[in-house]
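Take a look at the letters that make up each chain.
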Amino acid sequence: SKLATAALSRLPRLESESLPQPSRPCPFPSEQASEGTLQGPYVLAGLDGKPVPEAPPLPPIESELRRDLAEMLRREFPTPASSKAS
């Protein structure tokens, strides 16, 4: 709408090059914090058909729920063949 366009035109412009980007795709949160960088475009890395980065964007979170779910999946699907849809 015209009102939205007018409101957006009054906002300051920020160039992406002026924002601190990580030194590599998908850094761990602690690395990102120590570099003082933003997550940037790397959050979607690997979704565009290019190879997936070696490091995950976030480390796995260890919790009782995660362990319970892993145990249940191992019980229900003990082999790769048992997990296939039939």
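Below you will find a few notes about this structure. (Residues numbered from 1 in each chain as written. Predicted model: local features only at pLDDT ≥ 70, side-chain atom pairs only at ≥ 80, totals over all residues. Heavy atoms only, no water.)

## Here's the deal with the overall build of the protein
Across its full length, the protein holds three helices and zero strands. Along the chain direction, N to C, the helices and strands of the protein fall in the order α-α-α. Element-wise, carbon and sulfur atoms account for 62% of the exposed surface of the protein, whose accessible area totals about 7600 Å². (Helix = DSSP H or I, 4+ residues; strand = E, 2+ residues; numbered from the N terminus. Areas by Shrake-Rupley, 256 points an atom, 1.4 Å probe, with all protein chains shown as cover.)

## Let's talk about a nonpolar patch on the surface
Where nonpolar side chains cluster on the molecular surface, the patch consists of L65, L69, M72, L73 and F77 and spans about 460 Å² of accessible area. By the element assignment, F77 lies in the segment after α3 (64-76). A residue is classified by how much of its surface remains accessible, and F77, at 40% relative accessible area, is partly exposed. (Patch = residues over 30% accessible without salt bridge, like charges linked within 9 Å, V, L, I, M, F, W, Y side chains within 5 Å. Salt bridge = Lys/Arg side-chain N within 4 Å of Asp/Glu carboxyl O. Buried < 20%, exposed > 50% of the residue type's maximum accessible area, 1.4 Å probe, protein only.)

## Re the environment of S9
Its location among the elements puts S9 in helix α1 (residues 2-10). By relative accessible area, which is 56% here, S9 ends up exposed. In terms of polar contacts, S9 uses its side chain to reach the backbone carbonyl oxygen of A6, at 2.7 Å. (Polar contact = N/O pair within 3.5 Å; in protein donor to acceptor, adjacent residues only side chain to side chain.)

## Quick word on the environment of L73
Residue placement: L73 occurs in helix α3. Distance in space between the C-alpha atoms of L73 and S83 is 9.2 Å, their sequence separation being 10 residues.

Read these as layout, nothing more, since geometry by itself doesn't imply function.
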